[in-house]
Amino acid sequence: MPKVTVVIPNFNHGRFLEKRIASVLSQTYQDFDVVYLDDASTDNSAQVAAKYLGDLRYKKFAMK
């Protein structure tokens, strides 16, 4: 179990999302996982978030 969980909340901020997720995943401290929360965005957030699903530290949760 990771020592740190990073929560990334999002609603229609797809244009900033890739940079936000990449910034977290590129940290030198690596004992963490990422929980992505989206409140039913209507922009391209889902497509951006899907790019990171292959990273085992990254977990996606949708909220409505």
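Remember, it's a predicted structure, so these values are computed and weren't measured experimentally.

Caption draft 1: A look at the environment of Ser41. Examined against the element boundaries, Ser41 turns out to sit in the loop between β2 (32–39) and α2 (45–50). Once the C-alpha coordinates of Ser41 and Pro9 are considered, the two residues, 32 residues apart in sequence, prove to be 11 Å apart. Excluding residues that lie within four positions of it along the chain, Ser41 makes contacts with Asn10, Phe11 and Asn12. At a separation of 3.5 Å, a polar atom in the side chain of Ser41 contacts the side chain of Asn10. A polar side-chain atom of Ser41 sits 2.7 Å from the main-chain amide nitrogen of Asn12.

Caption draft 2: Region of the structure containing the side chain of Asn10. Here Asn10 shows up in strand β1 (residues 4–10). By relative accessible area, Asn10 is classed as buried at 5%. Among the polar contacts made by the side chain of Asn10, one reaches the side chain of Arg20 at a distance of 3.4 Å. Leaving out residues up to four positions away in the same chain, Asn10 has contacts with Leu17, Arg20, Tyr36, Leu37, Asp38, Asp39, Ser41 and Ser45.

Caption draft 3: Representation of the environment of His13 in the model. If you trace the backbone, His13 turns up in the loop between β1 and α1 (14–25). Residue His13 is classed as partly exposed on the basis of its relative accessible area of 34%. In the structure, His13 is positioned 27 residues away from Ala40 in sequence and 11 Å away in space, judged by C-alpha atoms. Contacts of His13, omitting those with residues within four sequence positions, involve Arg20, Asp43 and Ser45.

Here is what the cut-offs are and how they apply
Residues numbered from 1 in each chain as written. Predicted model: local features only at pLDDT ≥ 70, side-chain atom pairs only at ≥ 80, totals over all residues. Heavy atoms only, no water. Helix = DSSP H or I, 4+ residues; strand = E, 2+ residues; numbered from the N terminus. Contact = heavy atoms within 4.5 Å. Polar contact = N/O pair within 3.5 Å; in protein donor to acceptor, adjacent residues only side chain to side chain. Buried < 20%, exposed > 50% of the residue type's maximum accessible area, 1.4 Å probe, protein only.

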